[in-house]
Amino acid sequence: MVSYIGVLLYGVGGIVVAGVALLVAFQEKLVYVPVLPGLTKSYPITPSRLRLGYEDVWLTSSDGVRLHAWFIKLFPDCRGPTILFFQENAGNIAHRLEMVRIMLQKLQCNVFMLSYRGYGASDGYPSQHGISRDAQAALEHLAQRTDIDTSRIVVFGRSLGGAVGSVLTKNNPDKVAALILENTFTSILDMAGVLLPFLKWFIGGSSAKGPRILNCVVRSPWSTVDIVGQVEQPILFLSGLQDEMVPPSHMKTLYVKAATRNKKCIFVEFPNGMHMDTWVSGGDLYWNTVRQFLEQNASGKKHNIMHQSENDSETR
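For clarity, every value in this text was computed on a predicted model and none was experimentally measured.

J.: Please provide a residue-by-residue account of the overall build of the protein, values included.
T.: The number of helices and strands found in the protein is 11 helices and eight strands. Residues classed as buried in the protein amount to 48% of the 316 residues present. Considering only residue pairs separated by 6 or more positions, the protein has 75% of its internal contacts joining residues 24 or more positions apart. Roughly 15,300 Å² of accessible area belongs to the protein as shown, and the carbon and sulfur atoms make up 59% of that amount.

J.: For the nonpolar core, give the residues involved together with the corresponding values.
T.: Ranked by size, the top nonpolar core spans 47 residues in total, and within it Leu84, Phe86, Phe112, Trp222, Ile235 and Phe237 carry the most contacts. Counting residues per element, this core draws most heavily on helix H4 (residues 128-143), at six residues. Each residue touching isoleucine 235, except ones within four places of it in the same chain, is listed here: Leu179, Leu181, Val228, Ala258, Asn262, Lys264, Cys265, Ile266 and Phe293. Counting residues in hydrophobic clusters, the runner-up holds 34 residues, among them Ile102, Leu107, Ala177 and Ile180.

J.: Could you give an account of the packing of helix H3 (residues 97-107) against helix H10 (residues 283-297), with specific residues and numbers?
T.: In a pair of packed helices, the angle between the axes and the distance between the axes together describe the arrangement. One way to put it is that H3 packs onto H10 with a least axis distance of 10 Å and a crossing angle of 60°. If you check the angle between H3 and H10, you find them oblique. Regarding H3 and H10, the two cross each other, and that crossing is right-handed. Facing Met99, Ile102, Met103, Lys106 and Leu107 of H3, the residues of H10 in contact are Asp284, Tyr286, Trp287, Val290, Arg291 and Leu294. The residue inventory of the contact of H3 with H10, partitioned by class, reads eight nonpolar, no polar and three charged.

J.: Tell me about the confidence of the model for the protein, and name the residues and values.
T.: Across the protein, the average pLDDT comes to 88, with 85% of residues at 70 or higher. For residues 302-316, every residue scores under 50 in pLDDT, and the model assigns this stretch one contact once sequence neighbours within four places are set aside.

J.: How would you summarise the sheet that holds strand E4 (residues 110-114) if you had to cite specific residues and measurements?
T.: Pairing is mixed across the open sheet formed by eight strands, whose spatial order is E1-E2-E4-E3-E5-E6-E7-E8. This sheet does not close on itself; its edge strands, each paired only once, are strand E1 (54-60) and strand E8 (265-270). Strand-to-strand twist in this sheet, taken as the mean axis angle between neighbours without regard to direction, amounts to 20°. Where strand E3 (residues 82-86) lies against strand E5 (residues 153-158), five bridges are found, and the strand directions are parallel.

J.: So what's going on with the side chain of arginine 145? Residues and values would help.
T.: Note on placement: arginine 145 falls in the loop between H4 and E5. Residue classification places arginine 145 among the buried positions, given a relative accessible area of 13%. In terms of polar contacts, arginine 145 uses its side chain to reach the side chain of histidine 141, at 3.0 Å. Each residue touching arginine 145, except ones within four places of it in the same chain, is listed here: Glu55, Val57, Phe71 and Thr150.

J.: Explain the pairing of E8 residue by residue, including any values.
T.: Examined bridge by bridge, strand E7 (residues 235-240) and E8 share six bridges and lie parallel to one another. The residue of E8 that forms the bridge with phenylalanine 237 is phenylalanine 267. Once the chain exits E7 it traverses helix H8 (residues 248-259) before rejoining the sheet at E8, and the crossover so formed is right-handed.

Cut-offs used in this document
Residues numbered from 1 in each chain as written. Predicted model: local features only at pLDDT ≥ 70, side-chain atom pairs only at ≥ 80, totals over all residues. Heavy atoms only, no water. Helix = DSSP H or I, 4+ residues; strand = E, 2+ residues; numbered from the N terminus. Buried < 20%, exposed > 50% of the residue type's maximum accessible area, 1.4 Å probe, protein only. Contact = heavy atoms within 4.5 Å. Areas by Shrake-Rupley, 256 points an atom, 1.4 Å probe, with all protein chains shown as cover. Core = buried A, V, L, I, M, F, W, Y, C linked by side-chain atoms within 4.5 Å. Axes fitted to C-alpha atoms, helices over the stretch in contact; angles between N-to-C directions. Parallel < 35°, antiparallel > 145°, perpendicular 65-115°, else oblique. Left-handed = near helix turned anticlockwise from the far one by under 90°. Nonpolar A, V, L, I, M, F, W, Y, C, P; charged D, E, K, R; others polar. pLDDT = per-residue confidence, 0-100. Pairing = 2+ DSSP bridges. Polar contact = N/O pair within 3.5 Å; in protein donor to acceptor, adjacent residues only side chain to side chain. Right-handed = clockwise from strand over helix to strand, strands pointing away.

If you want it as structure tokens, here you go:
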């Protein structure tokens with residue numbers, strides 16, 4: 001009987017070790033999913049299919065990776081807010097075009113859609129360090145454009161895109177006017193235990209109860225909860241309470257962490273919002289909330305006043 005139990009324990013232990021080894025080896029394929037099952041890496045449609053005027057933009061990240069993006073303008077001389085949009089982890093920017101079409105109509109804005117490295121028409125392979133470089137390249141491009149009001153650049157990130165956007169916003173207080181986060185996780189470390197419960201004993205954030213012995217092997221931790229508390233700009237949190245992927249408690253945790261130091265945070269819940277459709281189920285409340293946030297924090301006036309004040313100070 002004792003030997004049987006021993007064999008059983010060794011067997012279970014072997015399975016766990018093998019499973020963890022596979023997760024460590026193929027973790028990027030779990031975090032980043034550029035190609036949805038049954039589809040190809042290429043874009044199924046372009047903005048022109050939805051009668052949206054757009055520009056193909058080609059960028060080079062700081063480590064030399066060639067990136068693709070779409071810049072969609074409401075109309076040629078639109079000087080309204082420009083939203084730098086970062087998507088979720090699965091699929092490509094073409095799968096977000098319907099949402100962006102509505103965004104342009106409701107918010108009277110421009111939208112810049114970046115394909116992360118390894119996604120869509122962009123080269124390379126996705127990683128946290130790489131995608132952070134990609135986001136910076138997109139922002140640098142927008143900041144140098146003369147056909148937009150560069151004081152009205154707002155970062156909008158959903159899910160993984162919220163993690164990307166938080167890092168970018170924190171690192172660029174002089175170039176990003178505000179940040180919008182929708183259904184974003186606290187960290188990949190915390191999400192590992194949500195998606196694969198047995199991992200919560202080995203991987204987790206600062207609040208995890210287990211030993212967290214495998215945290216060191218996670219190559220893309222995306223610890224948004226540690227970043228968002230350092231963001232100085234206004235932040236709007238949009239939380240779908242029926243999110244089937246990221247527990248809504250993650251968004252609440254992010255808000256609490258940010259609001260401790262940043263008094264320009266707003267948290268709005270949408271009772272019927274799921275991970276991908278909060279912008280649909282939220283209806284007028286969703287779009288009115290975003291529009292008011294932009295009017296208050298990306299009007300361009302505040303930036304101009306601050307800039308004038310700095311000039312006055314220099315001349316005294």
